[in-house]
Amino acid sequence: MKFRFHCLGLPHTRTNEDYVACAYTQKVLKFCKMMHERGHYVIHYGTEGSNPICDENVTVLSNEDYNKVYGDHDFRSKWFKFDVNDYAYQTFYKNAIEELGKRKQRNDFILPFWGSGTRPICDAHEHDCIVVEPGIGYSGGHWARWKIFESYALMHAYKGLHSVSTCDMDWYETIIPNYFDLKDFEIGPEERDDYMLFVGRVYDGKGLNIAMQVCQNLGIRLKVAGQPDPSYENYEWPENIEFVGYVGVEERKKLMMNAMGSFVPSMYIEPFGGVQIENLLCGTPTITTDWGAFTENNIEGVTGYRCRTFADFVRATRDVMNKKISYKECRKHGEKFSLENVAPMYEKYFQDVMNVYNKEGWYEMS
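Rules of the game
- Residues numbered from 1 in each chain as written.
- Predicted model: local features only at pLDDT ≥ 70, side-chain atom pairs only at ≥ 80, totals over all residues.
- Heavy atoms only, no water.
- Helix = DSSP H or I, 4+ residues; strand = E, 2+ residues; numbered from the N terminus.
- Rg over C-alpha atoms; globule rule 2.2 N^0.38 Å.
- Contact = heavy atoms within 4.5 Å.
- Areas by Shrake-Rupley, 256 points an atom, 1.4 Å probe, with all protein chains shown as cover.
- Axes fitted to C-alpha atoms, helices over the stretch in contact; angles between N-to-C directions.
- Left-handed = near helix turned anticlockwise from the far one by under 90°.
- Nonpolar A, V, L, I, M, F, W, Y, C, P; charged D, E, K, R; others polar.
- Buried < 20%, exposed > 50% of the residue type's maximum accessible area, 1.4 Å probe, protein only.
- Arc of directions from axis to C-beta.
- Salt bridge = Lys/Arg side-chain N within 4 Å of Asp/Glu carboxyl O.
- Pairing = 2+ DSSP bridges.
- Right-handed = clockwise from strand over helix to strand, strands pointing away.
- pLDDT = per-residue confidence, 0-100.
- Phe/Tyr/Trp six-rings, centres within 6.5 Å; stacked < 30°, edge-to-face > 60°.

Q: Residues and numbers for the overall build of the protein, please.
A: Across its full length, the protein holds 13 helices and 13 strands. For 366 residues, the compact-globule estimate of 2.2 N^0.38 gives 21 Å, and the C-alpha radius of gyration of the protein, at 21 Å, lies within 12% of that figure. Counting only contacts in the protein whose residues sit at least 6 apart along the sequence, the fraction spanning at least 24 positions is 64%. Carbon and sulfur atoms make up 49% of the accessible area of the protein, which totals about 15900 Å².

Rendered as structure tokens:
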């Protein structure tokens, strides 16, 4: 069965590769391509300058209106900023509600990749469209009847301890992992450069301080890429650490494929940690904390190591430097998250939901 999707972009970004650091924006971009190429009808709503692969790309926020709010904000040197009450968001809502109304058909799917950040658009059309939160990686604001989480770790955190002793699980709160375009990555050579890597938001919540301490302890180089938070603006980096700033798709690929290994030691329950899979797609082992989605996606001793103490991190880094992890195995595991492999999971879920509306629901036999 072919489906119709209304994909909602983010009002404070543009759905294109320039905003590669925004995981939610990239999910919109990749989803449009993934489903359009499988024959589904995809309509995207976003800011002028968005360029997803889709059937209709509808501009609902002009550059002029975008720049009134975000024009002076350099998202490459600072974290993204947004406010759902600002002029850009409110204009986006108004125009998207109107444009979606012109195009919708009964039982179309509306997909708010930014969760409650685009909920007003969903609320305006929920009476004759199906609203699905298509890739929950956020910690609050969940509301739609139909929910897709990025990991079991996040779904279990959402359900809470009471679900351990209460029979309140939902058949349609499912898990589908994040997905990646293989064209953006390439396995690196067997002989790598002599540096470790950190890519992500530049702050200690992502474990940057741990990565720096490990590399200083071992006397090795560390390259750091990403948007710094205020605590790392004008920071005096140690001699063995190179801050390269914001990187695009090509720069990211080159950094990852030439690194000995990569640190992803998030200090919170990581909903997915897409950068970990991006490294694996370049054949690069990952060193992570031992919680969140890493417990599902970082296979101990195969794709890298999960750590609990400083000694664990030091030992893991030594092992990575000594090539105890196969680059080819990393790439092989990363490919499980390709567009081609994840798309059927979405199609099955959307069909399951559609069965509730048009067939025998949970009892429908495929």
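Q: A description of the packing of helix H7 (residues 208-218) against helix H11 (residues 310-321) should follow, citing residues and the corresponding values.
A: Packing of H7 against H11 brings their axes to within 10 Å, and their N-to-C directions diverge by 65 degrees. Note that H7 runs across H11; the crossing there is right-handed. Contacts between H7 and H11 pair Ile210, Gln213, Val214, Asn217 and Leu218 from the former with Phe310, Phe313, Val314, Thr317 and Arg318 from the latter. Looking at the contact of H7 with H11 residue by residue, the classes come out as six nonpolar, three polar and one charged.

Q: Give a description of helix H12 (residues 327-334) that names residues and reports values.
A: Structurally, the α-helix is built with 3.6 residues per turn, so residues lying three or four positions apart point the same way. All of the buried residues along H12 are Tyr327, Cys330, Arg331, His333 and Gly334. One side of H12 carries all its buried residues, which in axial view fall inside an arc of 165 degrees. What points out from H12, more than 90 degrees from its buried face, is the exposed set Lys328 and Lys332. Elements that come into contact with the buried residues of H12 comprise helix H9 (274-281) and helix H10 (294-297).

Q: How would you explain the pattern of salt bridges if you had to name every residue and give the values?
A: Within this structure, the stated rule accounts for 29 salt bridges. Its salt-bridge partner being Glu278, residue Arg252 comes within 3.1 Å of it at the nearest N-O pair. Taken together, the residues span a long stretch of sequence, with Arg252 in helix H8 (residues 249-258) and Glu278 in helix H9 at a distance of 26 residues. A relative accessible area of 7% places Arg252 in the buried class. On the basis of relative accessible area, Glu278 is assigned to the buried category, the value being 12%. The partner of Lys348 in a salt bridge is Asp352, and the shortest N-O contact between them spans 2.7 Å. A residue pair is termed a helical-turn pair when its members lie 3 or 4 positions apart in one helix, as Lys348 and Asp352 do in helix H13 (residues 339-358) at four residues. Linked by salt bridges that have partners in common, Glu56, Glu98, Glu99, Lys102 and Arg103 make up one network.

Q: Any details on the sheet that holds strand S7 (residues 173-175)? Residues and values, ideally.
A: Spatially, the seven strands line up as an open sheet ordered S3-S2-S1-S4-S5-S6-S7, and their pairing is parallel. With one partner strand each, in any of the chains shown, strand S3 (56-61) and S7 form the two edges of the open sheet. Averaged over neighbouring strand pairs, the angle between their axes works out to 25 degrees when direction is ignored. This element, helix H3 (residues 87-103), spans strand S1 (4-8), strand S2 (41-47), S3 and strand S4 (108-112) of the sheet and lies at about 145 degrees to S3.

Q: Got a sec to walk through the pairing of strand S8 (residues 195-199)? Specific residues and values, please.
A: Taken across its five residues, S8 has five buried, putting it largely inside the fold. With burial as the criterion, each face of S8 is covered, one bearing Tyr195, Leu197 and Val199 and the other bearing Met196 and Phe198. Strand direction decides the pairing type here: S8 and strand S9 (residues 221-225), joined by five bridges, are parallel. Along S9, the bridge assignment pairs Met196 with Leu222. In this region the chain leaves S8, passes through H7 and returns to the parallel neighbour S9; the handedness of that crossover is right-handed. Relative to strand S11 (residues 261-264), S8 runs parallel, the two sharing three bridges. Bridging across to S11, Leu197 finds its partner in Ser262.

Q: Could you give me a rundown of the confidence of the model for the protein, with the residues and numbers involved?
A: For the protein, per-residue confidence averages 97 on the pLDDT scale, and residues scoring 70 or more make up 100% of the total. The spread of mean pLDDT over the elements of the protein runs between helix H6 (residues 162-165), the lowest at 95, and S1, the highest at 99.

Q: An account of the packing of aromatic side chains is needed here, citing residue identities and associated values.
A: Here the structure, examined in full by the defined rule, presents 36 aromatic pairs. For the pair Tyr89 and Tyr93, a centre-to-centre distance of 5.9 Å together with 80 degrees between the ring planes defines the contact as edge-to-face. One end of the pair is Tyr89 and the other is Tyr93, both in helix H3 and four residues apart, which spans about a single turn. Aromatic pair Phe180 and Phe272: ring centres 6.2 Å apart, planes at 25 degrees, arrangement stacked. Placement of the pair is Phe180 in the loop between S7 and S8 and Phe272 in the loop between S11 and H9, with a sequence separation of 92 residues. Here Phe180 and Phe272 have matching classes, each one buried.

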